[in-house]
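# Survey of secondary and tertiary structure
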Amino acid sequence: MLSFTSSLSKDSGGIAIFVNEKYVYRDNKNILSKNVVQKINSFLSVLKAKKVEEGVSSLDISEKQKFFVIKVKNKYESYWPQERGGSFFSYLKNFKNIKKVDFYVDSLDFDKDKLVSFFSQFIFGFELKSYTFNKYRTQNKEKFNKKIDFKIITKEKQKIENKYKYYDSIKEGVFLCRNFVSEPPNVLNPKAYVQEIQKLSKLGLKIKSYNEKELKQLGMNALLGVGQGSANESYLVTIEWNGKKNSLKNPLTFVGKGVCFDTGGISLKPARFMEEMKYDMAGSAGVVGLLKSLAIRKAKVNAVGVVGLVENMPGSNAQRPGDIVKSYSGKTIEILNTDAEGRLVLADALTFAEKKYKPKFIIDLATLTGAIIISLGEEYAGLFSNNEELSKNIFKASENVNEKVWRLPLHKNYDKLMNSTIADVQNINYAGGAGSITAAQFLQRFIMNKTPWAHLDIAGMAFSKKAANLNPGGATGFGVRLLNNLIKKYYE
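Because the structure is a prediction, the values reported are computed rather than measured.

Reading the values: the criteria
- Within any chain, residue numbers begin from 1 and follow the written order of that chain's sequence.
- Where totals are concerned, whole chains, interfaces and linings use all residues; where local detail is concerned, this predicted model gives features only for residues with pLDDT of at least 70, and gives and counts side-chain atom pairs only at 80 or more.
- Side-chain metrics in this entry use all non-hydrogen atoms of the structure; hydrogen atoms and water are not considered.
- Only strands that DSSP links by at least two bridges are regarded as paired with each other.
- Numbering of helices and strands runs from the N terminus; a helix is a DSSP stretch of H or I covering at least four residues, while a strand is a stretch of E covering at least two.
- The contact criterion used is simple: two residues touch if any of their non-hydrogen atoms lie within 4.5 Å.
- Interaxial angles span 0 to 180 degrees and are taken between N-to-C directions of axes, which are lines fitted to C-alpha atoms, for helices over the stretch in contact.
- Remark: nonpolar core denotes a set of buried residues (Ala, Val, Leu, Ile, Met, Phe, Trp, Tyr, Cys) joined through side-chain atoms within 4.5 Å.
- When accessible area is computed with a 1.4 Å probe and restricted to protein chains, residues below 20% of their type maximum are described as buried, those above 50% as exposed, and intermediate ones as partly exposed.
- To estimate how far a helix should extend, the number of its residues minus one is multiplied by 1.5 Å.
- Picture the helix axis, draw a direction to every C-beta atom, and the arc is the one those directions span.
- Put simply, angles under 35 degrees are roughly parallel, angles over 145 are roughly antiparallel, angles from 65 to 115 are roughly perpendicular, and the rest are oblique.
- By definition, turning the near helix anticlockwise from the far helix through less than a right angle yields a left-handed crossing, and turning it clockwise yields a right-handed one.

### Side note on the sheet that holds strand S3 (residues 56–60)
With mixed pairing, six strands are arranged side by side in an open sheet as S1-S6-S5-S2-S4-S3. Each of the sheet's edge strands pairs with one partner strand only, and the pair in question is strand S1 (4–5) and S3. Pairing of S1 with strand S6 (residues 149–153), which is carried by two bridges, proceeds in the parallel orientation. Each residue of the ladder has a partner; that of Thr 5, found in S6, is Ile 153. Sitting on the sheet, helix H1 (residues 34–50) is in contact with strand S2 (14–19), S3 and strand S4 (66–71), with an inclination near 135° to S3.

Right under this line is the structure:
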């Protein structure tokens, strides 16, 4: 919860004010003492004379207290306040003795509504950047778990609290996604994952899980084939949010790849960096995190999440290159490479979601191909779609939150590269390159009724070894903010 105060705290290690591009601030309530004001004005005069471009500057106002000046643009991109909050948290980490900070919000020379919006997002970014995953550290936890308490000085307490509830719901979804992606694979196997998802029912989400026996009866042999070499059972889970309080008709539907660990199966991956394959369930984590956010903020929309949860292992019963499986759609798939497994999980999940829910649209998230990292690095997720309107909406929504996507083509000439000589389709293209595109072409074959569909290949976005604006490094939670914004902007 946000913590408010009417005056500066005596025990805070820092005080932060906001100034505009001309280094102007306001202190209408005389919160700052004359001595402090004198020091601030002198400091701001120096910054102005030197034309300092940095977003944050600091000075000592006593032996125990530091003063921070946060420069705010007059015009900025919609996501900029969040990133300014994240960068300020990073700045504070340089001062090891500062554990408490007062934010003097009303120093910002904005009108009430703009001030409330700016600061709510600023704190959202500040908290996103503060995320840590130290669950398994037993020594020196404090060194790796930098937490900074803050108090807010403002007369707009009620408005900021109300506005921040929205952002806090998104934060909860992002943090859940990051937690799932960060868990080690010996802890978060498919069954344990199902149990964690089921806990979300207390938020009003309707959750149903299908075990292997039920999946066999349904004919989900593509999904089951991926997990048959593992001692851990495979599952499919549906998560329903009925925010319109009527029948769950034509819901917005999100499908996630949940390969809890991917060795590559018989087509074994190289040993180096294989530990990173615990992140191969990040698409499913994004879907689960999104549904949690929608439930917390009581979004007025009907939405469904479908996640396929498996483990791809090279056991004695593992799927082999050369096997043929019959998917839930009825189409047969020739397995040429068991490391092209995520698309098999999604094939059954996509057809199931389309048939069961008759959705308004389907968006799937998956760490699907290494080829997308070659194409777009860690800056953009790959976007593929059969629908212009849906594609444009995703692109615009991504710009608003700076979770960027870039659309790549789908075409019949790519599609034919996935034709098998002995089955309806093969699971990998060895002939013509374009690994990410042909993977998307494979998925499109399992959209049976021309439902508007988009595929987000997030292999380069789900995890980062380097820190970014709102991510301290590690699991990013990519997709939760993007898809939440898509829903709010266009469908709610």
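Still more ground to cover, so stick around.
### Comments concerning the nonpolar core
Across soluble globular proteins, you tend to see nonpolar side chains buried next to one another. In terms of nonpolar packing, the biggest core is built from 95 residues, with Phe 88, Phe 103, Tyr 193, Phe 254, Ile 363 and Leu 456 touching the most fellow members. Counting residues per element, this core draws most heavily on helix H5 (residues 157–182), at 11 residues. Here Phe 88 is in contact with Ala 16, Val 56, Phe 68, Ile 70, Phe 103, Phe 122 and Phe 126, once residues within four sequence places are set aside. Within the second largest apolar cluster, 37 residues are counted, among which are Ala 222, Val 304, Val 306 and Val 345.

### Details of H1
In this model H1 runs 24 Å from its N-terminal to its C-terminal C-alpha over 17 residues, within 8% of the 24 Å that 1.5 Å per residue would give. Taken together, the buried positions of H1 are Val 36, Ile 40, Phe 43, Leu 44 and Leu 47. Seen end-on, H1 carries its buried residues on one side only, within an arc spanning 100°. Seen from the open side of H1, the exposed residues pointing more than 90 degrees away from its buried face are Lys 34, Gln 38 and Ala 49. Tucked into the core, H1 has its buried residues touching S2, S3 and S4.

### A short note on the packing of H5 against helix H15 (residues 480–491)
Where H5 meets H15, the closest approach of the two axes is 9 Å, and the angle between their N-to-C directions is 140°. Between H5 and H15, the angle is such that the two are oblique. Between H5 and H15 the crossing geometry is right-handed. Residue-level inspection shows Tyr 166, Ile 170, Gly 173, Val 174 and Cys 177 of H5 in contact with H15, the latter providing Val 480, Arg 481, Asn 484 and Lys 488.

### Some points on the sheet that holds strand S9 (residues 252–262)
Taken together, eight strands build an open sheet; the order of strands is S7-S8-S10-S9-S13-S17-S14-S15 and the sheet is mixed. The sheet is open, and its two borders are formed by strand S7 (206–210) and strand S15 (405–407), each paired with just one other strand. Averaged over neighbouring strand pairs, the angle between their axes works out to 20° when direction is ignored. Pairing between strand S13 (residues 361–366) and strand S17 (residues 453–457): five bridges, direction parallel. Across the sheet, residue Leu 365 finds its bridge partner in S17, namely Leu 456. Of the strands in this sheet, S13, strand S14 (381–385), S15 and S17 touch helix H12 (residues 388–401), which is tilted by about 150° from S15. Where helix H14 (residues 435–444) meets the sheet, it contacts S13, S14 and S17, and its direction lies at approximately 145° from that of S17.

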